[in-house]
Amino acid sequence: MAEKFFWADQIADDIIKKNPKKNIYVCASGITPSGSVHIGNFREVITTDLVVRALKDKGKKVRFIYSWDDFDRFRKVPANVPKEWEKYIGMPLSDVMSPFGKGSYAEHFEKEFEDSLKEVGIEPEFIRQSEMNKKCEYAEEIKTALDNKDEIVKILNKYRKERLKEDWWPISVYCEKCRKDFTRILNVENYEIEYECDCGFSGKFDFRKKGIVKLVWRVDWPARWKHEGVDFEPGGIDHSTPGGSYTTAKEIVKKIYKGRVPLYEFYEWVRIKGGKEFSSSSGNVLTLKDVLEIYEPEVLRYLFVATRPNKGFQISFDNDVIKIYEDYDNLEERYYSGKIDEKDKRIYELSQIKLAKKKPERIGFRHLITLVQSSKKISGRGEKVKNWLEKYAGDDMKFEVKDKIGKLSKKEKDILIKVRDLLKKNLDEKNLQNELYEIGRDDVKGFFQLVYRILIGKKNGPRLAGLILANKEKVARLLKDL
Ligand SMILES: [Zn+2]
């Protein structure tokens, strides 16, 4: 059944209902910058962004935080990073050198994503967890976890096939010498931790003064809900299975941290359709930047806004792109004409980065396919069309006006002379198309096939009048010597 109200507004209502008197609502999102951020993860950020906007539209104050979990360990070398980076495995991502120049590994991938986010109008408050941890911001949450270790083990074991080992701790320690986490905890007393490392180093430190401790993910997540007072956070399938990290985080935040469980929204992974090889520049991962080469920011937002996060959808790179742009233009048309229902109105509004007072001037994607292949310079949407033609479009969408005519029969020649003479009349597209039909009246199909064959060497192509007008000089030159 179709929902009456827009999904982000429903979630915003639920957040307010849970805690009606709260002064500032906190909506959170985050990811580990272990490599280029996949477009699937973008769904998490935009889900949060839309809920934030819905809350603001209801007159609420909101803090939108985005956690870079860059104190997580470097686990695996992705495809676009040199193999020798293996030597950094076990270090916090924030301490690994960038393989692409200045700064750290984490910073490189953070910046890549932050730049693309800005382009689609999403500007949260970024929190680098490496900085928080290094400043010992979570010392009290760590202390609570250590003090309640047995209780945490009990909660986690409920959902595990194999029980946690006797020497399990809710934290890991990064060695002061080699900076890796191949360490074992020997003793914990109050705020002091004693450990030894595979590199041979052993030491003792106070975790209020030295930020080299990290809570394990299943404890880290609820600890941060409590620390930041989070009211809403979406999560993907990896966290959402029964007994998964969301299940245990709910119990831990209540029982161990005496905090509140935020409202949660499961988001489904997005699928990709069409497009043979995705740019190797991003390590075979499809990024937001890749998608923005083809989709205008508003059209991209529209794709995510229109589908509730718990439902799957696909981002197309094949000829469906044309249809998606047409659907978007149609929605825009209806929005500015006022002939639109409440739900679609909301979808359009939230697809915008900044809502324009007047309907923006746009050229349809399909028409641009003809224009950009006619050596016309077109910026904005034209750039997207150009990228699409180069990388993903089917051959049926590509053409080039030829500069030589092959052999013709007398009859074919006579027909083409009529077309040439028609061009001298300087007709507009509609009238030209009508006149073309008039010439081909006796055999419309044969006529169009002939003209397409002569002009672009194909049996069919874009609307003929549009094609001719976009390539007027070239066509005139081609037909000149008949
Ligand atoms: Zn070490």
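The structure presented is a predicted model; accordingly, all values stated were derived computationally and were not measured. (Residues numbered from 1 in each chain as written. Predicted model: local features only at pLDDT ≥ 70, side-chain atom pairs only at ≥ 80, totals over all residues. Heavy atoms only, no water.)

1. Description of the layout of surface pockets
Within this model, the second largest pocket holds a volume of roughly 300 Å³. In terms of lining, the second largest pocket is formed by 14 residues, of which the most central are Lys411, Ile415, Asp442, Asp443 and Phe447. Looking at the lining of the second largest pocket, the elements with two or more residues in it are α16 (410-423) and α18 (444-456). Broken down by element, the lining of the second largest pocket gets its largest block of residues, 5 residues, from α16. (1 Å grid on protein atoms, 1.4 Å probe; cavity = no way out; pocket = protein on both sides within 12 Å on 5 of 7 lines; lining within 4 Å. Points joined across faces, edges and corners; volume = space filled by probe spheres on them. Helix = DSSP H or I, 4+ residues; strand = E, 2+ residues; numbered from the N terminus.)

2. Quick notes on the coordination of the zinc ion
Bound to the zinc ion on the protein side are Cys175 (SG), Cys178 (SG), Cys197 (SG) and Cys199 (SG), at distances that span 2.3 Å. Each donor residue of the zinc ion belongs to the same chain, and together they define the spacing C-x2-C-x18-C-x1-C. Judged by relative accessible area, which is 37%, Cys199 ranks as partly exposed. (Donors = N, O, S within 2.8 Å, 3.2 Å for Na, K, Ca; no water. Buried < 20%, exposed > 50% of the residue type's maximum accessible area, 1.4 Å probe, protein only.)

3. Re helix α9 (residues 245-255)
Extensive coverage of α9 is indicated by the burial of 8 of its 11 residues. If you check which residues of α9 are buried, you get Ser245, Tyr246, Thr247, Thr248, Ala249, Glu251, Ile252 and Val253. The secondary structure elements touched by the buried residues of α9 are α6 (149-157), α7 (217-228), α8 (237-240) and β10 (263-266). (Contact = heavy atoms within 4.5 Å.)

4. Overview of the packing of α16 against α18
Interaxial distance between α16 and α18 falls to 11 Å at its minimum, and their mutual angle equals 80°. In this view, α16 runs roughly perpendicular relative to α18, as classed from their interaxial angle. Here α16 contributes Glu412, Ile415, Leu416 and Val419 to the contact with α18, which in turn contributes Phe447, Leu450, Val451, Arg453 and Ile454. (Axes fitted to C-alpha atoms, helices over the stretch in contact; angles between N-to-C directions. Parallel < 35°, antiparallel > 145°, perpendicular 65-115°, else oblique.)

5. What to know about the packing of helix α12 (residues 320-337) against helix α14 (residues 365-372)
At a closest axis distance of 8 Å, the pairing of α12 and α14 adopts a crossing angle of 125°. By the angle between their directions, the pair α12 and α14 is classed as oblique. Where α12 abuts α14, its residues Val321, Ile322, Tyr325 and Glu326 lie against Phe365, Arg366 and Ile369.

6. What about the packing of aromatic side chains?
Summed over all chains, the structure comprises 35 aromatic pairs. Seen in terms of ring centroids, Tyr66 and Phe126 are 5.6 Å apart; in terms of plane orientation they differ by 75°. Their pairing is edge-to-face. Here Phe126 lies in strand β3 (residues 125-128) and Tyr66 lies in strand β2 (residues 61-68), a separation of 60 residues in the sequence. By relative accessible area, Phe126 is classed as partly exposed at 25%. Among the aromatic side chains, those forming a connected cluster through ring pairs are Tyr295, Phe317, Tyr325, Phe365, Trp388 and Tyr392. Above the face of the Trp169 ring, Lys149 is positioned so that its terminal group lies 3.9 Å from the ring centre. Above the face of the Tyr191 ring, Arg208 is positioned so that its terminal group lies 3.9 Å from the ring centre. (Phe/Tyr/Trp six-rings, centres within 6.5 Å; stacked < 30°, edge-to-face > 60°. Lys NZ or Arg CZ within 6 Å of the ring centre and 35° of its normal.)

7. Focus on the domain arrangement of the protein
Here the protein is described as being made up of domain 1 (7-164 + 216-266), domain 2 (271-396) and domain 3 (399-479). The straight-line distance from the C-alpha centre of domain 1 to that of domain 3 is 59 Å. (Domains from an automatic or database assignment.)

8. Describing the pattern of salt bridges
Scanning the model with the defined rule gives 51 salt bridges in all. The partner of Arg441 in a salt bridge is Glu438, and the shortest N-O contact between them spans 2.7 Å. In the salt-bridge network here, residues are joined through shared partners; they are Asp9, Asp57, Lys345, Arg346 and Glu349. (Salt bridge = Lys/Arg side-chain N within 4 Å of Asp/Glu carboxyl O.)

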